[in-house]
Every structure is written in C-alpha cells, then in structure tokens.
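Residue strings, one per chain:
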Amino acid sequence: MLKFEIVVSFSCLAINMREAHKTNTQLQLIEAIKANDQIALKQFYMSNYHKIEALVLKNSGSIDHAKDLYQDSFIAVWKNLKANKFEPKNETALQGYLYQIAKNKWMDTLRSRTFKKTNGLTDETLAKLKEKPVDDEIDTNESDLNTTMNAFKNLGQPCKQLLTNFYYEKKSLRVIASELQLEEASVRNKKYRCMEKLRNIVLSSKS
Amino acid sequence: MYYPQNLKKLNTNSNISQEQLEAVERYINGTMADAELKTFTAKLDTDSEFRTQVNDIKTLLTGIEEQSLKEQLDEFHKDIKKQSSNKGSAKVRYLQFRKLVAAAAIIMALGSFWFFNQNPNERLYSKYFTPDPGLPTTMSNSTNFEFYDAMVNYKQGDYKTAIKKWQRLSANTPNNDTLNYFLGVAHLANKNENVAIEFLEKSVQNDNFSLIDDAYYYLGLSYLKEGDAELAKTYFKKSSVEHSQALISELED
C-alpha cells in the first residue's frame, strides 16, 4: 500500500513538474527563487549581473557601486516575489524586472545629494535614466528588520548555521539531524534555544 | 503538540515557548490545519499583544532569511569576480591573442581528428546526446526529499552521488518508473550505457509512464552508443521526441 502510494505520488509529480518545466519556465524560476533554491538563485544572480554593471559604469558609477546596487536590487526582487507582488508577463519578465529596479535605485542614488557632491553629475546622465519608477516595497518595520539582520549576522556559529539550514535553506529537522549526527528532538530543541538567543540579542539592542 | 488554549499564554514579549514558535512557523508556511488556523487568526484579530508577538517572530524569520541571502550573494559574487579576472585587461588579451589562435587551431585539429575517428554510431550519439534536464527542485515537498535531493546532485552533474541516492530509494520501490528512468539517464550521462539500458527498459514497462517518450528516446541513444543501430532505431520509432525523427533518418542514410 505504502509502496503504491509512493509510486503514484512520484508519477503525478513527474507529470505536473514536467509540464510546468515545458510550458512556463518563468513561473518555475519564481517558485524556485521563493523557495531559496540554491541553484536557481545562483544562476539568476550570475546571469544578470553584467548588464547592471554596464549600466552603472556607463552612468558615473564604479564597480563597487555596481555590486552594492545589484545586491540591493536582487534582494528587493526576492522580497517582492516572496510577498507575491510580481506576476510574470513573458519569458524574460523577471530579468527585466530586476533590471528596472536596479535602474530606478541607481537613479535615486544619482539624485541623492551626497552622490552629487562627490561625483560630478550632469543633467544629461540624469535625463538618460529618467523613467517611471517601480514600487519596490518599503517595509514599515525596516529598522526592526535591520536590527534582526545585524544580530543574526553576529550570532555565534553553531546557532547561525543551524538557523540558516532550517529557515533559509529549508532543510527539514530530520535532514539537519542526520547531517549533524544528532537526534531530531535535540535539533528541534537546539533550534528553539538558538531562536531565543537571537531574540534576546534583538530585544537588548532595541532597548 | 500545540493547542489553541496555549495562545492565552502568548502575552509577554519576553517569553515565547517552543510550541508557540512552531505555531507561528506553521502559520507563515501555510501548513496550519484549518481548526488551528481559525483560532489563530481570530486571536490575531482581537488580541493586539498577540499580534505584536507574532509580528516580532515574523521579523526574526524574515531577518534570518534576508541576512542569509545577503551573505550568500557575497559568495556568488566571488564567482563573478573569478569570471571577470579570467578575462584580464584589454592589453593582455591583445598580446595573448596570437597564442590563443594557435592554441585554438591545435585544439580544433585534435578535436576533429578524434571526431572523425569515432565510428558513425558514436558520432551520432555525441551529436544528439544531452543529459535529461531533470525535474525542477523546489525543495518544498519534504516527503520526496531524498528524490529531489538526488535530483540536485544530478543537475550539478554529480551523477555518481545521484545514482547512489536513487539506488537507495529504488531498493524499496524497484518498479517505480520515474526512479528507474532517472537512474537510467544518470547512468547514461555517467557513460555507463549497459546499466542505463537495464533501468530504462524497466521504466518503459508501464505504458502510462508520463515520461515514456523521453525514456524511449534515451533507450534508443543507449543502444546507439552501444553500437546496436537496429535496436536504437526501433526505440526511436516509439518515441515522439523531436530528435527521434532526425536520428531515424540519419540512421537510414
């Protein structure tokens, strides 16, 4: 009975996923990115960078500007995907969306005062970049989020690894347990204690 | 186990129990059962302290994910740097251009020597063979975790590991057509056509197998690689994969 069920679920999955594979790679890419699929993320990251680097270099920016801008934009796209704020309209929609967000962000940077002071900026470069901005989600809890991110960044290594495995890489407790050669129950406990640790750091840095 | 009445305890910022944390995880992942979800959302609507607490946990989870992604992007970026430093500066590239041309010519000469020395079946095989792209791995389906875990190895070209993992699953379900198919294509990609044939032949036993056309196609390719053009043709004829027709006509020439 169990065997039969597994066979059926495999076959159904194979049909569904293969269909999706053939008909809509864009949706598939989006699902994979939302699930933090390592391969999809890396591929998407690697294949879109150079276009955006070229945009920045052509418009009074440096390689370092390009990297920062690209990563900010990439995270913005990822967040909007997670919040279901994006619907693909064609096969390269997501790539275009990333480019558009980067372009708008770069335009904001160019407009900002500090940038104008340090880099001579002409109206010409600005005019070239002017286009309708895309809404890229400003979180109301932005400062809380930043506190959390900072706390997590500096969290001690075993905890950080465990929480990354579970919450980011979406590995199951069972898999993490077998990798660490521990009981599943103790990993579950550890995970909770790590979360408490992180929460306390966040709470103490807020007050 | 988590029970709705535990929700009453969720009212101070300083204490969140393991059950409460896991309830919020379920809520965010969308894996909460209907009854629990109902109680949970009702509480969210009426109890502002509870709402704050849930939001705090949400922020923690978002923060972990976003910081992890951020750190991973830096890792990705190292590979971009490697790519561009390989290109080198324009001057160096110009100076090395002649050397490159010479090297390319040698490689092409060696390549074509090797290519034309293959037997015609081998040549056809390498012209048409590309590994099956595999199934998308979204990692969300935990029941088939092992299957998709191996799929990740397969896609990375680590056929040996993929085969090892699938073989373990196959011990329990030796007649699973999808498993047999992927074991077959992995063995073929791993240049082991004899074993590939065994698995692929098993996978086509079931007429309703969803990937049967691909299975026939790869079965044909396996026989082609083995040098049995007649059997290869038989299988290509059964497959509706685009390249099958082209292969049949090339085999008949």
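Because the structure is a prediction, the values reported are computed rather than measured. (Residues numbered from 1 in each chain as written. Chains lettered and ligands numbered in written order. Predicted model: local features only at pLDDT ≥ 70, side-chain atom pairs only at ≥ 80, totals over all residues.)

Draft legend 1. Main features of the overall build of chain B. A count of helical and extended segments in chain B gives 13 helices and zero strands. Mapped in sequence order, the helices and strands of chain B form the string α-α-α-α-α-α-α-α-α-α-α-α-α. In chain B, which comprises 253 residues, the share counted as buried stands at 29%. In chain B, the share of contacts with a sequence separation of at least 24, taken over all contacts with a separation of at least 6, comes to 42%. (Helix = DSSP H or I, 4+ residues; strand = E, 2+ residues; numbered from the N terminus. Buried ≥ 20, exposed ≤ 12 C-beta atoms within 10 Å, placed from the backbone. Contact = placed C-beta atoms within 7 Å.)

Draft legend 2. Summary view of the nonpolar core. Among the nonpolar cores identified, the biggest contains 37 residues, and F182, L200, A215, Y218 and L219 of chain B are the most heavily contacted of them. Taken together, the elements giving at least two residues each to this core come down to α6 (120–128), α7 (145–155), α8 (159–172), α9 (177–189), α10 (193–203), α11 (212–226) and α12 (229–238) of chain B. If one sorts the elements of this core by residue count, α11 of chain B sits on top with eight residues. Counting 24 residues, the second-largest nonpolar core is a separate cluster that includes A151 and V202 of chain A together with L60 and I64 of chain B. (Core = buried A, V, L, I, M, F, W, Y, C linked by C-beta atoms within 7 Å.)

Draft legend 3. Representation of the packing of α6 of chain B against α11 of chain B within the structure. Residues and elements named next belong to chain B. Direction vectors running N to C along α6 and α11 enclose 145°, while the axes themselves pass 8 Å from each other. Our pair here, α6 against α11, has a crossing hand that is left-handed. Between α6 and α11, the contacting residues are N121, L124, Y125 and Y128 on the first element and L221, L224 and K225 on the second. Across the contact of α6 with α11, the residue classes tally to five nonpolar, one polar and one charged. (Axes fitted to C-alpha atoms, helices over the stretch in contact; angles between N-to-C directions. Left-handed = near helix turned anticlockwise from the far one by under 90°. Nonpolar A, V, L, I, M, F, W, Y, C, P; charged D, E, K, R; others polar.)

Draft legend 4. Quick peek at the packing of α9 of chain B against α11 of chain B. All names here are of chain B. Where α9 contacts α11, the two axes come as close as 11 Å, and the packing angle between them is 30°. For α9 against α11, the interelement crossing comes out left-handed. Taken together, the residues of α11 that come into contact with α9 (itself represented by Y181, G184, V185 and L188) are A215, Y218, L221 and S222. Of the residues that constitute the contact of α9 with α11, the class distribution is six nonpolar, two polar and no charged.

Draft legend 5. Just α11 of chain B, in detail. Residue and element names in this part refer to chain B. Look at α11: 21 Å from first C-alpha to last across 15 residues, which is about the 21 Å you get at 1.5 Å a residue. Taking burial as the measure, the 15 residues of α11 include eleven buried ones, the bulk of the element. Residues of α11 that are buried: A215, Y216, Y217, Y218, L219, G220, L221, S222, Y223, L224 and K225. For α11, the secondary structure elements touched by its buried residues are α6, α9, α10, α12 and α13 (242–252). (Expected span 1.5 Å × (residues − 1).)

Draft legend 6. Helix α3 (residues 38–58) of chain A, seen in detail. Residue and element names in this part refer to chain A. In this model, α3 (21 residues) spans 31 Å end to end at C-alpha, consistent with the 30 Å of a helix rising 1.5 Å per residue. Its axis deflected by about 35° at Y49, α3 carries its strongest bend there. Listed as buried for α3 are A40, F44, Y45, N48, Y49, I52, E53 and V56. (Bend = angle between axes of the 7 residues up to and from the residue.)

Draft legend 7. Structural context of the confidence of the model for chain B. All names here are of chain B. When the pLDDT values of chain B are averaged, the result is 81; 84% of them are 70 or greater. Across chain B, α9 holds the top mean pLDDT of 92, while helix α4 (residues 90–95) sits lowest at 52. A low-confidence stretch, residues 1–12 (pLDDT under 50), is modelled with 15 contacts involving residues beyond four sequence positions or located in other chains. For this predicted complex, the interface confidence score (ipTM) comes to 0.75, while the overall pTM stands at 0.53. (pLDDT = per-residue confidence, 0-100.)

Draft legend 8. Examining unusual backbone geometry more closely. In the Ramachandran plot, S60 of chain A falls in the positive-phi region, its phi being about 55° despite a non-glycine side chain. Along the chain, S60 of chain A turns up in the loop between α3 and α4 (63–82). Phi at K191 of chain B is positive, roughly 60°, even though this residue is not glycine. Looking at where K191 of chain B falls in the secondary structure, it is placed in the loop between α9 and α10.

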